[in-house]
Amino acid sequence: MSVATVSPILHNIDNLVGYLKRGRGLDCDYSDLGFIDERTKRPKIEANLGVPEEARFASDEISRSCGVRLGYIPKGLGLNDDVIDQLRNENTKNLLLNHKKLHLVLDLDHTLLNTTFLDNMSPDEEYLKTQTQSDHSLQYVHIVDTPSMQLMTKLRPYIRTFLVQASQMFELSICTMGNRAYALEMAKLLDPGNQIFGGRVISRSDSTETDRKRLDVLLARDSAVVILDDTKDVWTTDNQDNVIEMPRYHFFRSSCQKFGLSNGKPYSELKTDECDRFGGAYLANVLQLLKHIHTIFFNEVELQGWDLIDRDVRLVLKILKKEVLKGCRIVFSHVFPSNVQADTHPLWKMAEELGATCSTQVDPSVTHVVAANARTQKSCWAVKEGKFLVNPQWIHTANFMWQRQPEDNFPCH
């Protein structure tokens, strides 16, 4: 089996075995190759409301042993470390050199879609149970009917175009803290023909951590992986540099309530949907960012002539992020609690990651004052000196959009 056939191994574990046998000159069974045979019964889709939001639909038990279990591969087999390292290297090498592709790992809930229980829907959402998509302007509303429960899932706007175009630049995988049965149902909605994910659906039971996601179960080198998730902290520390953090997608009332977003009606009740400040979809912005990342990664000049196999996409992410607020010198006014040192606050660190220079004192070089209200001394100074005066959301939005935002959209009242 050539290197070019490594990528489809997730469809057929016997092809994987054949590849490893021929690569080692062996005539052996799974155990001789370092496989860990795992016979697991098919899980039911069950709700578990007592766990964090990333594990809301998680109920699988996680088994433990040496090596790494690849439960999402047919037959539920695992691989010892030396074998999986070999596969990571060969799969990534194949994608980079032969297909000009990176790896893209996608979260499900609040990133690509929003799900609620039918029993939790508000009276103003009841119309979604009976009306067809032609009856209103909404798209991608689905009822998932299982023996144990009924769910309603709303796919994020622009999802079809996003997945198709992203798959031309990346090998796509799903990674969720939900249980496997739920993850597979969502994958069917996103990719009905199984042409995009190709079986690469990683659920909670496949993880090597009890309450975190980790890239060690992916057949890819960390240096070639981009992660799209609404929560960076759900990933282990050594994988957080791979994460592009998305604004959470809340469509249903129950989702808004879960995160304390009780002001106003949700999209479901307004019969509208998410859009950015230009009236487009957030996923459209993310797709443009992914295209930019892909271009820079495969541009030899941008990464100082490094060999393709040795390039690190995490460096590309840092380069792009540093450009967002490059040239901005920011002073914060009454944004941080008095008992917190300013340069340790997450907002200060976020601004620095975006390329800004942060300070506690005003001077002529300051370009922006970020303030909680417009009546502070530094706020008044900004107005007098003709500096930008914005509220903290200006930084948060720039962080999500990976673009400097118009200051007039974030006034300080």
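Before reading on, note that the structure itself is shown above.
Quick notes on the rules
- Residues numbered from 1 in each chain as written.
- Predicted model: local features only at pLDDT ≥ 70, side-chain atom pairs only at ≥ 80, totals over all residues.
- Heavy atoms only, no water.
- Axes fitted to C-alpha atoms, helices over the stretch in contact; angles between N-to-C directions.
- Helix = DSSP H or I, 4+ residues; strand = E, 2+ residues; numbered from the N terminus.
- Parallel < 35°, antiparallel > 145°, perpendicular 65-115°, else oblique.
- Contact = heavy atoms within 4.5 Å.
- Nonpolar A, V, L, I, M, F, W, Y, C, P; charged D, E, K, R; others polar.
- Buried < 20%, exposed > 50% of the residue type's maximum accessible area, 1.4 Å probe, protein only.
- Polar contact = N/O pair within 3.5 Å; in protein donor to acceptor, adjacent residues only side chain to side chain.
- Pairing = 2+ DSSP bridges.
- Left-handed = near helix turned anticlockwise from the far one by under 90°.
- Salt bridge = Lys/Arg side-chain N within 4 Å of Asp/Glu carboxyl O.
- Core = buried A, V, L, I, M, F, W, Y, C linked by side-chain atoms within 4.5 Å.

Asks: What exactly am I supposed to notice about the packing of helix α4 (residues 159-166) against helix α8 (residues 282-297) here?
Replies: Helix-helix packing is described using two parameters, namely the angle between the two axes and the distance between the axes. Interhelical geometry of α4 versus α8 gives an angle of 10 degrees and a closest axis separation of 9 Å. Judged by the angle between their axes, α4 and α8 are roughly parallel. Contact residues: α4 offers Ile159, Phe162, Gln165 and Ala166, while α8 offers Leu283, Val286, Leu287, Leu290 and Lys291. Taken together, the residues that form the contact of α4 with α8 break down as seven nonpolar, one polar and one charged.

Asks: Help me understand the side chain of Ser203, please; the structure alone is not making it clear to me.
Replies: Locating Ser203 in the fold gives a position in the loop between β9 (201-202) and β10 (225-229). A residue is classified by how much of its surface remains accessible, and Ser203, at 1% relative accessible area, is buried. Here the side chain of Ser203 touches Ser205 through a polar contact of 3.2 Å, side chain to side chain.

Asks: Is there a simple way to explain the sheet that holds β10 in this structure?
Replies: The sheet built from five strands is open, its strands ordered β9-β8-β4-β10-β11 with parallel pairing. Of all the strands in the sheet, the pair left with one neighbour each is β9 and β11 (243-245). Strand direction decides the pairing type here: strand β8 (residues 170-175) and β9, joined by two bridges, are parallel. Bridging from a neighbouring strand, Cys175 pairs with Ile202 of β9.

Asks: For this particular structure, what's the right way to read the packing of α8 against helix α9 (residues 313-322)?
Replies: Where α8 meets α9, the closest approach of the two axes is 10 Å, and the angle between their N-to-C directions is 120 degrees. One way to sum up the angle between α8 and α9 is to call them oblique. For the element pair α8 and α9, the recorded crossing hand is right-handed. Contacts from Leu289, His292, Ile293, Ile296 and Phe297 in α8 reach Val313, Val316, Leu317 and Leu320 in α9. Grouping the amino acids of the contact of α8 with α9 by side-chain chemistry returns eight nonpolar, one polar and no charged.

Asks: I would appreciate a short explanation of the pattern of salt bridges in the present structure.
Replies: Tallied over the entire structure, the rule returns 18 salt bridges. The partner of Lys188 in a salt bridge is Glu185, with the nearest N and O atoms 3.9 Å apart. Of the two residues, Lys188 and Glu185 both sit in helix α5 (residues 180-190), three residues apart, roughly one turn of that helix. A salt bridge links Arg248 to Asp230; its shortest N-O distance comes to 2.9 Å. Remark: Asp230 occurs in the loop between β10 and β11 and Arg248 occurs in the loop between β11 and α6 (253-258); sequence separation between them is 18 residues.

Asks: Looking at this structure, I do not really get the nonpolar core. What am I missing?
Replies: Ranked by internal contacts, the top residues of the largest apolar core, which has 50 residues, are Phe162, Leu190, Leu290 and Ile293. Residue contributions to this core peak at eight residues, all from α8. Among residues more than four places away in sequence, those in contact with Leu190 are Leu108, Leu112, Leu113, Leu155, Ile159, Arg160, Leu163, Ile174 and Phe197. One finds Ile330, Cys358, Val390 and Ala398 within the second-largest nonpolar core, a separate group that totals 20 residues.

Asks: What is the right way to look at the sheet that holds strand β14 (residues 368-371) in this model?
Replies: Hydrogen bonds between backbone atoms are what pair the strands of a sheet, whose relative direction is either parallel or antiparallel. Within the open sheet, the four strands sit side by side as β13-β12-β14-β15. Their pairing is parallel. The sheet terminates laterally at β13 (357-359) and β15 (388-390), the two strands that pair on one side only. Averaged over all pairs of adjacent strands, the angle between their axes in this sheet comes to 25 degrees, without regard to strand direction. Sheet topology note: the strand β12 (residues 329-333)/β14 ladder contains four bridges and is parallel.

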